[in-house]
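Summary of structural features
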Amino acid sequence: MTTPLAEVLDGRRAADLQKAARALLKEPLLLAHGSYADEFRLVRQHATELRDWFDRNTGWSLRVDAEAARLRKTPGALADATHPAREVTGARAPFTRRRYVLLCLALAALERGESQIALGRLAEQVVLDAADPQLAAAAVQFTLERRDERLDLAAVVRLLLRLGVLRRVAGDEEAYVSGNGDVLYDVERRVLAGLLATRKGPSTVTAQDFESRLTELVAESALDSDDLRFRAIRWTLYRRLLDDPVLYYEELSDAELVYLTRQRGFITAQITQLTGLVAEVRAEGIAMVDPQDDLTDVRMPEQGTHGHITLLLAEYIATAAGPVTASDLERRVRELAAEHAGYWSKTAKQPGAEPQLVEQALAKLTALGLLTRTTDRVEARPGLARYAVGETVVLEPGTRTGAKAPLPAQRKARTR
């Protein structure tokens, strides 16, 4: 029996809408050109439906024009510091405090500038703005005379290139870092204007400490009615289910837990319909798992030596009788290095490599919501039980799992 044309068209439209939604969750800033041009066209085609869905369920606004689509995401949990901005090239090291300040100063200079700017000129503007007495009082200083400071500015510029705020016209950042040249950029002003994702302008925030300032930046209107309070709860739950790897019930307020208990089936069904994510409901919480395993910026399990170490340490922590220390984990890595010498990279087997290997694994497991860390201890969270496997089998060099393989860890991109 031939499928009616209307059903085929409806199925294709639903698939395109889902692809567009997933693209926005993965890359909240999509450009009309570049590697996400096809996804941008789908977002533009379905802009009205996507805008209505995100506005109603998450409070995230969606702006789409001929050049870019910008989903202004704000997190459901403001205290999550596990997903920093990272270098675009090389080891993808996380941004330091200085790089974050440089990023803000660079954006401010670009906002005031012309449609083209040289990197040297941008550096001059950053140095002038960095002389602000408030920055000096916070022990933030820039001269950009040292190579490491120029490297920091180059890392900021490369991030802005990836986001589409800048387009390189001529030159190379390495030449600037070495002091042998300059770089010319076009400034994409419409992309720049849509970059900020806050409810209030930062200059209007009056709070002093960091946590209060962050809260004020994204604060909604006064919740002076039941409808507004329920809306705020709904937004928080949708945001966390879409953006976080695991939503633990213990992290919710009493009102949020009651709302989720009553509306769980409806909420998860709506998310599944739009994104294809599937709800895994456990006694401790909910994880929206991605069967396609591509809507994530932290993947586990993962191939390679570091992925293998992370998986084996997850198993070790999950089966421990209680909290473990960093020294416990370093000792375990030394044991594993001897056991898997034929599979691991040479650098991972070198004496003294254990602290860095342990830190990389713990950073990933923390970002996935699978453990908690204090100064000297690490403790498993309920989600880590998925990795408490028993008898293990070798799948291929560098990868091991049990007969009951864990579901893909699902973590959406945290670009704001």
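Conventions used here
Residues numbered from 1 in each chain as written. Predicted model: local features only at pLDDT ≥ 70, side-chain atom pairs only at ≥ 80, totals over all residues. Heavy atoms only, no water. Axes fitted to C-alpha atoms, helices over the stretch in contact; angles between N-to-C directions. Helix = DSSP H or I, 4+ residues; strand = E, 2+ residues; numbered from the N terminus. Parallel < 35°, antiparallel > 145°, perpendicular 65-115°, else oblique. Contact = heavy atoms within 4.5 Å. Nonpolar A, V, L, I, M, F, W, Y, C, P; charged D, E, K, R; others polar. Pairing = 2+ DSSP bridges. Phe/Tyr/Trp six-rings, centres within 6.5 Å; stacked < 30°, edge-to-face > 60°. Buried < 20%, exposed > 50% of the residue type's maximum accessible area, 1.4 Å probe, protein only. Lys NZ or Arg CZ within 6 Å of the ring centre and 35° of its normal. Salt bridge = Lys/Arg side-chain N within 4 Å of Asp/Glu carboxyl O.

**Focus on the packing of helix α14 (residues 326–339) against helix α15 (residues 354–367)**
Between α14 and α15, the least distance of the axes is 9 Å, while the angle of their chain directions is 110°. The angle between the axes of α14 and α15 places the two elements in the roughly perpendicular class. Side by side, α14 and α15 meet where L329, E330, V333 and R334 of the first sit next to E354, P355, L357, V358 and L362 of the second. Of the residues in the contact of α14 with α15, the class split is 6 nonpolar, no polar and 3 charged.

**Thoughts on the sheet that holds strand β4 (residues 116–118)**
Strands pair in a sheet through their backbones, by hydrogen bonds, and they do so in one of two ways: parallel or antiparallel. Within the open sheet, the 3 strands sit side by side as β4-β6-β5. Their pairing is antiparallel. Strands with a single pairing partner mark the edges of an open sheet, and in this sheet they are β4 and β5 (166–171). The sheet shows a mean angle of 25° between the axes of neighbouring strands, taken without regard to direction. Relative to strand β6 (residues 183–187), β5 runs antiparallel, the two sharing 5 bridges. Along β6, the bridge assignment pairs G171 with V183. Along the sheet, helix α5 (residues 119–130) contacts β4 and β6; its crossing angle with β4, the most-contacted strand, is approximately 80°.

**Examining the packing of aromatic side chains**
All told, the structure shown has 5 aromatic pairs when counted by the stated rule. An angle of 35° between the planes, with centres 6.2 Å apart, marks the rings of F230 and Y259 as tilted. One end of the pair, F230, is in helix α11 (residues 226–243); the other, Y259, is in helix α12 (residues 254–275), and 29 residues separate them in sequence. On the basis of relative accessible area, Y259 is assigned to the buried category, the value being 16%. Cluster of aromatic residues (ring-pair linked, three or more members): W53, F54, W60 and Y238. Of note, R99 hangs over the ring of F95, and the distance from its end group to the ring centre comes to 5.8 Å.

**Here's the deal with the sheet that holds strand β10 (residues 324–325)**
The 3 strands lie next to each other as β10-β12-β11, forming an open sheet whose pairing is antiparallel. In the strand order of this sheet, the two ends are held by β10 and β11 (371–373), each with one partner. Where β11 and strand β12 (residues 377–380) come together, 3 bridges link them in antiparallel fashion. Note on β12: the bridge partner recorded for R373 is V378. Across the sheet, helix α13 (residues 304–319) lies against β10, β11 and β12, angled at about 80° from β12, the strand it touches most.

**Digging into the pattern of salt bridges**
According to the stated counting rule, one finds 33 salt bridges in the structure shown. A salt bridge links R99 to E87, with the nearest nitrogen and oxygen atoms 2.8 Å apart. Of this pair, R99 sits in helix α4 (residues 97–112) while E87 is found in the loop between β3 (68–72) and α4, placing the two residues 12 residues apart along the sequence. Accessibility expressed as a relative area gives 10% for R99, which makes it buried. Residue E87 is classed as buried on the basis of its relative accessible area, which comes to 18%. Across the pair R98 and E149 runs a salt bridge whose closest N-O atoms are separated by 3.9 Å. Of the two residues, R98 sits in helix α4 while E149 sits in helix α7 (residues 147–163), which places them 51 residues apart along the sequence. The network of salt bridges with common partners includes E87, R98, R99, R146, D148, E149 and D152.

Nothing here speaks to function; it is geometry throughout.
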